[in-house]
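Report on the structure
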Amino acid sequence: MAQIGLYAVPVFLLSIFVMAFIKNTNAFDDFVEGAKEGLGTAASLLPNLVGMIVGVKVFLASGILDSISAMLDPLLSRINLHPQLLPLMILRPLSGSATVGYASELINIHGPDSLVGRLASVMQASSDTTIYIITVYFAAVGLKEMKHALKLGLITDLFAFGLAIVAVSLFF
């Protein structure tokens, strides 16, 4: 299996050049043109990404996350959900790297085989960075109206978190 991995990329690149030769096209010029388009797309996305990253950092530094967790602690304890999982559920739609860091911290504190560790892992794996994805994709295609996609994405994340709780409760 390791040998396949070593040869996969060179074989793929070679096949591109063989196909370009067969079709009598200049693969390098096409590559350069695609790279120019990619740089233009990246440059157009940069303001949206910077704005989102700054917003996430301000949100995390403000302490609002801790306040929300403390406020919802009585409700979470009724449904047997550890209150330290709420920040993970709030962060997940915003930032993948913040969620990975927070989930790693929870796993280090509670252990990978604990209920909290398993829930953190399944919640992280079964949901996505909805706000990040919507920001990037909508900016890439130039769409401004994203409220319906945002609502649907966040509802899907809530559904994924609920299913993660059910699945971990049933299987572990």
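These numbers were taken from a predicted model, which means no experiment stands behind them.

**Overview of helix α5 (residues 96-110)**
- With 15 residues, α5 extends 21 Å from end C-alpha to end C-alpha; this agrees with the ideal 21 Å at 1.5 Å per step.
- What α5 keeps buried is the set A98, T99, Y102, A103 and L106. Down the axis of α5, the sector holding all buried residues measures 125°, keeping them to one side. Exposed residues pointing more than 90 degrees away from the buried face of α5 are listed as S97 and N108.
- Packing partners of the buried residues in α5 comprise α2 (27-62), α4 (85-91) and α6 (115-126).
- Immediately beyond the C-terminal end of α5, within one or two residues, lies G111, with a positive phi of roughly 95°.

**A word on helix α8 (residues 147-171)**
- Its 25 residues give α8 an end-to-end C-alpha distance of 36 Å, which sits within 8% of 36 Å, the value for a rise of 1.5 Å per residue.
- Against α4, α6 and α7 (130-141) lie the buried residues of α8.

**Observations regarding the nonpolar core**
- One finds L81, L85, L88, L106, L119, A120 and M123 to be the most contacted residues of the largest nonpolar core, which totals 19 residues.
- Contributing elements (two or more residues each) for this core: α3 (64-78), α4, α5, α6 and α8.
- With near-sequence residues (within four places) excluded, L85 lies in contact with L106, V116, L119 and A120.

**Observations regarding the environment of F31**
- Following the sequence through the fold, F31 ends up in helix α2.
- Since its relative accessible area comes to 58%, F31 is described here as exposed.
- The spatial distance from the C-alpha of F31 to the C-alpha of L45 is 21 Å, given a sequence separation of 14 residues.

**A word on unusual backbone geometry**
- Phi at N24 is positive, roughly 60°, even though this residue is not glycine.
- Within the secondary structure, N24 is located in the loop between α1 (2-22) and α2.
- According to the relative accessible area criterion, N24 is exposed, its value standing at 71%.

**With respect to the packing of aromatic side chains**
- One pass over the structure, following the stated rule, counts one aromatic pair.
- Aromatic side chains F28 and F31 sit 6.5 Å apart centroid to centroid with 35° between the ring planes, which places their arrangement in the tilted category. Here F31 and F28 lie together in helix α2, a separation of three residues that amounts to about one turn. Like F31, F28 is exposed.

About the criteria used
Residues numbered from 1 in each chain as written. Predicted model: local features only at pLDDT ≥ 70, side-chain atom pairs only at ≥ 80, totals over all residues. Heavy atoms only, no water. Helix = DSSP H or I, 4+ residues; strand = E, 2+ residues; numbered from the N terminus. Expected span 1.5 Å × (residues − 1). Buried < 20%, exposed > 50% of the residue type's maximum accessible area, 1.4 Å probe, protein only. Arc of directions from axis to C-beta. Contact = heavy atoms within 4.5 Å. Core = buried A, V, L, I, M, F, W, Y, C linked by side-chain atoms within 4.5 Å. Phe/Tyr/Trp six-rings, centres within 6.5 Å; stacked < 30°, edge-to-face > 60°.

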